[in-house]
Amino acid sequence: MKIRAVPLGRGLAAAGVTVGLVLGAAACNDDNSGSSAAGSSGSTAASGPAAPSNAAPSAGQTGKGGGSGTGGGSGSSKPSSAAAAGSRCHTDELKADVQLQPDFPGQAMVMLVNKGTRTCTVNGYLGYGGLAADNSRVDLTTKRVAHPGAPIEVTLQPGTTAFSGLKWSACDKADASCKVVTGLVVTPPDETTQLTAKVIGDDGQTVQQLTVSAVGLTVGSLQPGNEGVVFG
């Protein structure tokens, strides 16, 4: 499956609001006057543990954060029975596809799919490492940013997806600081084990090699939809 995402626009459209004043007769006071406030405390989005407001988590740790961003996609930010029970997704229940974006070189949209049989939740950021040709691990510097917004707790039913953005700078293999990787390993939020991601090119085929400069990877937050997750 090949998916491209369009970066979120920076401009905000102004909306005009017209307020009308309606004059009416004085209402009679009765015992039902308080019923209109019922249900006002309901929430349409599940909230995870609060993150520090001034920074994304450091590399090597999975961050959490509340948020209100939305976008098209298969994940859901609404609570479920699994979410209410605080049942997070575990590594062996997930798979990750890293779809390169031909319109934005050095960028990808990451799709984290619930391949299991139960509903579970993810919230925060993905951790990353590289794989060398001999399948040994390659350390990669990572920087996590709240893009396109703070992390949102995503409820994943079986077969559904959470999304995040990823970007890096390519480099010359002859440069001693250049990291040449043949694949990526991904650590889901709050997990300590990794899964091997499938890196997919524009032709739909698995990419055999990536070069990553010393700057490393910039990692966006997990979101229920793919709108705006690519950095652009």
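Residues numbered from 1 in each chain as written. Predicted model: local features only at pLDDT ≥ 70, side-chain atom pairs only at ≥ 80, totals over all residues. Heavy atoms only, no water.

A. Local environment of the overall build of the protein chain. Across its full length, the protein chain carries one helix and 13 strands. Secondary structure elements of the protein chain occur, N-terminal to C-terminal, as α-β-β-β-β-β-β-β-β-β-β-β-β-β. In the protein chain, which comprises 232 residues, the share counted as buried stands at 42%. A fraction of 81% describes how many contacts in the protein chain between residues 6 or more apart in sequence connect residues 24 or more apart. (Helix = DSSP H or I, 4+ residues; strand = E, 2+ residues; numbered from the N terminus. Buried < 20%, exposed > 50% of the residue type's maximum accessible area, 1.4 Å probe, protein only. Contact = heavy atoms within 4.5 Å.)

B. Summary view of the pairing of strand β1 (residues 94-100). With six of seven residues buried, β1 is to be regarded as a mostly interior element. Of the strand pairs in this sheet, β1 and strand β2 (residues 107-114) are connected by seven bridges, and their pairing is antiparallel. Across the sheet, Asp97 pairs through a bridge with Met111, a residue of β2. Where β1 folds back on β2, the antiparallel hairpin that results is connected by six residues, among which Gly106 adopts a positive phi of roughly 75 degrees. As paired elements, β1 and strand β11 (residues 195-200) share three bridges and run parallel to each other. Paired with Val98 across the strands is Val199, a residue of β11. (Pairing = 2+ DSSP bridges.)

C. Main features of the confidence of the model for the protein chain. Mean pLDDT over the protein chain stands at 75; residues scoring 70 or higher make up 63%. Note on residues 5-72: pLDDT under 50 across the span, and 77 contacts to partners over four residues away in sequence or across chains. Overall, residues 79-85 carries pLDDT values under 50, and its contacts beyond four positions in sequence, including any with other chains, amount to 12 contacts. (pLDDT = per-residue confidence, 0-100.)

D. Geometry of the state of the cysteines. Tallying each qualifying case throughout the model produces two disulfides. Disulfide pairing places Cys89 opposite Cys120 at an S-S distance of 2.0 Å. Where Cys89 bonds to Cys120 through sulfur, the torsion about that S-S bond is close to 95 degrees, and the disulfide is right-handed. Of this pair, Cys89 sits in the loop between α1 (81-84) and β1 while Cys120 sits in strand β3 (residues 120-122); the two residues are 31 residues apart in sequence, bridging distant segments of the chain. Judged by relative accessible area, Cys89 falls into the buried class, the value being 1%. For Cys120, a relative accessible area of 0% puts it in the buried group. For Cys171, the disulfide goes to Cys178, at an S-S distance of 2.0 Å. On the S-S bond that ties Cys171 to Cys178, the torsion sits near 75 degrees, and the link is right-handed. Once the bonded cysteines of the protein chain are numbered in order along the sequence, the disulfide links fall as 1-2, 3-4. (Disulfide = S-S within 2.5 Å.)

E. View of the sheet that holds strand β10 (residues 183-187). Spatial ordering of the open sheet is given by β5-β4-β10-β11-β1-β2-β8-β13-β6, a layout of nine strands whose pairing is mixed. What marks the edges here is a single partner per strand, and that holds for β5 (137-138) and β6 (142-144). Two elements, β10 and β11, share three bridges in a ladder whose sense is antiparallel. By the bridge assignment, Val185 is partnered in β11 with Thr196.

F. Broad picture of the side chain of Ser213. Locating Ser213 in the fold gives a position in the loop between β12 (210-212) and β13 (217-219). Looking at Ser213, the relative accessible area reads 13%, which means it is buried. With near-sequence residues (within four places) excluded, Ser213 lies in contact with Ser169, Ala170, Cys171 and Ser177.

G. Geometry of the environment of Lys179. Following the sequence through the fold, Lys179 ends up in strand β9 (residues 179-181). Filtering out sequence-adjacent residues up to four positions away, Lys179 remains in contact with Val138, Asp139, Leu140, Cys171, Leu210, Thr211 and Val212.

H. Inspection of unusual backbone geometry at higher detail. With omega at 0 degrees, the peptide bond leading from His147 into Pro148 counts as cis. Structurally, Pro148 can be placed in the loop between β6 and β7 (154-156). Positive phi is not limited to glycine here, since Asn135 has a value of about 75 degrees. Looking at the secondary structure, you find Asn135 in the loop between β4 (127-131) and β5. Using a relative accessible area of 57% as the deciding quantity, one classes Asn135 as exposed. A positive phi angle is found at Asp190, which is not glycine, with a value near 70 degrees. Judged by relative accessible area, Asp190 falls into the partly exposed class, the value being 34%.

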